Protein chains: 2
Amino acid sequence: MNDSAIGIFDSGLGGLTAVKELVRVLPHENIIYFGDTARVPYGSRSKSTIIRYARQDADFLLSRGVKMIIAACGTVSSVATGLKDELPVPFTGVVVPTAEAAVRSTKNGRIGVIGTSATVNSGSYRQEILLRDSKIRVFQQDCPLFVSLVENGFISEKDDIVKLVVQRYLEKLKADGIDTLILGCTHFPIIARAISDYLGDGVTLINSGKETALYAAQLLKDRHLLTPCQSDGECRYFVSDTVEEFRRTAEIFLGRDVSTDVSHITL
Amino acid sequence: MNDSAIGIFDSGLGGLTAVKELVRVLPHENIIYFGDTARVPYGSRSKSTIIRYARQDADFLLSRGVKMIIAACGTVSSVATGLKDELPVPFTGVVVPTAEAAVRSTKNGRIGVIGTSATVNSGSYRQEILLRDSKIRVFQQDCPLFVSLVENGFISEKDDIVKLVVQRYLEKLKADGIDTLILGCTHFPIIARAISDYLGDGVTLINSGKETALYAAQLLKDRHLLTPCQSDGECRYFVSDTVEEFRRTAEIFLGRDVSTDVSHITL
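Cut-off values and rules
Residues numbered from 1 in each chain as written. Chains lettered and ligands numbered in written order. Predicted model: local features only at pLDDT ≥ 70, side-chain atom pairs only at ≥ 80, totals over all residues. Least-squares fit on C-alpha atoms with pLDDT ≥ 70 in both. Contact = placed C-beta atoms within 7 Å. Core = buried A, V, L, I, M, F, W, Y, C linked by C-beta atoms within 7 Å. Buried ≥ 20, exposed ≤ 12 C-beta atoms within 10 Å, placed from the backbone. Helix = DSSP H or I, 4+ residues; strand = E, 2+ residues; numbered from the N terminus. Arc of directions from axis to C-beta. Pairing = 2+ DSSP bridges. Nonpolar A, V, L, I, M, F, W, Y, C, P; charged D, E, K, R; others polar. Axes fitted to C-alpha atoms, helices over the stretch in contact; angles between N-to-C directions. Domains from an automatic or database assignment. Parallel < 35°, antiparallel > 145°, perpendicular 65-115°, else oblique. Left-handed = near helix turned anticlockwise from the far one by under 90°.

Bringing the relation of the copies chain B and chain A into the picture now. Between the two copies, chain B and chain A, the superposition gives an RMSD of 0.0 Å; the rotation angle is 180 degrees and the shift along the axis is 0.0 Å. Accordingly, the operation relating the two chain copies is best matched by a two-fold axis. Judged by C-alpha distance, arginine 39 of chain B is the residue of chain B that lies nearest the rotation axis, at 2.7 Å. Most of the interface of chain B is mirrored in chain A, where 100% of its interface residues again form contacts.

Take a look at the structure:
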């Protein structure tokens, strides 16, 4: 079991930002990533549809014998909250690790949360933050257009379109005086610089992919499931749309070319 | 058979702009609309995935006994070109009617085409235009962010974000001196005013939904399939995601409330 891979899935390719962090934290582990690119985006879909898709994604990873499952998707983590209890292996979404990091980070007790509409409407981050410190004030904003900006290459902090959309979505949070902002969608780290430029140095951004990777590493350690292997782990990627589409955009999220390690599956 | 409904499908709700035109042109016909909202958008998906989805969409309409099928989706019409020959009822996509209208419209022989990446990469509009007049010059531009703008309510011609994205995508077409622009995606009529404001009065916009409705009416007339009924036709709507999602956004495209006539199906 300890030699089995860590399974990680997302509605699309945004979860690759979490894979990048996971490789950094746990370089010896094998990783199997599944991106449901034929059905992305989940963020605008209904709760019942999101839950059905999340179960199918997890089942695919289990069929590959993974020892742990990470839902690297703010939407799934927020909406399919019952998934943890259905699975025969340890599981984490991105919400709990990220909420914990935000609570540790804030000095003034004012935390902002941004994500897809489904994530924000679920109130999941707010709930996990308040569970840990009921005096914290949480300010939420859904930013659905951020996902499209990233996927269509509008990512530079110097791009007027990026700057304007960031301003439109975040001006209220800025006025609310937050000192910590949860990037509650795995796409958002790609435009972190534009977000940070607008909010200024006084606001700490919390990257859900990074916090989830650190959390998963601790979970595996606690359960004595870390691999004893000392060589570099391998990453395998699976997508439900064609691999060509993956090749075109994976590098945006992962920062390196992985075109040889990707396969197509049909759910 | 003449009393059967006209079937019309789209990857999502954009095709409702075509329903609106169809009702105007053929007020006595019954219409069954299917929006594959659980799998929208098609425009960024691979060719094989788009073809598979289109077949399933058409099969659903056939199961409801329709006398004709309209693919009110630029992507399906451009990519799943073999669908016409597979179906037992008359079929039209949006490409042929729209290309014909553009050829009739142009004075200077310079036509622009905008659509999703799949539509533009397929070259379908260019091909149908050149079949009709090989001397016309066709200038293409994919505008993937337009779909997200519309779906997230960024539609006012006075919105700086809308204006900037329109300018970014269309400045080359403007410089190319087109006098006719095909709106090759059913979402785009919603931001027609912003597009028109930027390009100026000298450029005629061709609405694919409107042209396809006119074309379908002629096709039914030629085949003696128009309903003899003289009362108002009925519209039924089916979606693959929840009806709540449909209720929230259908009015943007259709210009009226249709919340009582919608049902959910699972493909």
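Having seen it, we continue.
Here the focus is the nonpolar core. Judged by nonpolar contacts, the single largest core of 154 residues is most densely connected at Ile8 and Tyr33 of chain A together with Ile8 and Tyr33 of chain B. The residues touching tyrosine 33 of chain A, leaving out its near neighbours within four places in the chain, are Ile8, Gly15, Leu16, Val19, Cys235, Tyr237 and Phe238 of chain A.

Now for helix α7 (residues 124-132) of chain A. Residue and element names in this part refer to chain A. When we look at burial in α7, the residues that qualify are Ser124, Tyr125, Glu128 and Ile129. Seen along its axis, α7 keeps its buried residues to an arc of 130 degrees; they face one direction. Elements in contact with the buried residues of α7: α3 (74-79), α5 (95-105), β5 (110-115), α6 (117-122), β6 (137-142) and β7 (180-183).

A few words now on the sheet that holds strand β4 (residues 91-92) of chain B. All names here are of chain B. Here we have six strands laid out as an open sheet, ordered β4-β3-β1-β2-β9-β10, and parallel in their pairing. The sheet is open, and its two borders are formed by β4 and β10 (262-264), each paired with just one other strand. For strand β1 (residues 6-10) and strand β3 (residues 68-71), the ladder comprises four bridges, and the chain directions are parallel. Along β3, the bridge assignment pairs phenylalanine 9 with alanine 71.

On to the interface of chain B and chain A. Many authors give the size of an interface as the accessible area that is lost as the parts come together. At the interface, 20 residues of chain B touch 20 residues of chain A. Per-class residue counts for the side of chain B that touches chain A are seven nonpolar, six polar and seven charged.

Moving on, we get to the sheet that holds β7 of chain A. Residues and elements named next belong to chain A. Taken together, the four strands give an open sheet; going across it, the order is β6-β5-β7-β8, and neighbouring strands pair in parallel fashion. Each edge of the open sheet carries a strand with a single partner, namely β6 and β8 (204-207). Sheet twist, expressed as the mean angle between neighbouring strand axes with direction ignored, is 20 degrees. Here β7 runs beside β8; their pairing, made up of four bridges, is parallel. For leucine 181, the partnering residue across the bridge sits in β8 and is leucine 205. Across the sheet, helix α9 (residues 160-175) is in contact with β5, β6 and β7; its angle to β6 comes to roughly 170 degrees.

What follows is about the domain arrangement of chain A. Residues and elements named next belong to chain A. Each assigned domain of chain A is listed with its residue range as follows: domain 1 (6-93 + 210-264) and domain 2 (95-208). For domain 1 versus domain 2, the distance between C-alpha centres works out to 22 Å. On the domain 2 side, the residues contacting the 27 residues of domain 1 number 24 residues. Those elements giving two or more residues to the side of domain 1 that touches domain 2 turn out to be α1 (16-25), α3, α11 (208-222) and α12 (243-254). Counted by class, the side of domain 1 that touches domain 2 contains eleven nonpolar, 13 polar and three charged residues.

What follows covers the packing of α9 of chain A against helix α10 (residues 192-199) of chain A. Residue and element names in this part refer to chain A. Contact geometry of α9 with α10 gives a least axis separation of 10 Å together with a crossing angle of 50 degrees. Taken together, the axes of α9 and α10 are oblique relative to one another. The two elements α9 and α10 cross, and the hand of that crossing is right-handed. Residues Val162, Lys163, Val166, Gln167, Leu170 and Lys174 of α9 pack against Ala194, Ile195, Tyr198 and Leu199 of α10. Of the residues contributing to the contact of α9 with α10, the split by class is seven nonpolar, one polar and two charged.

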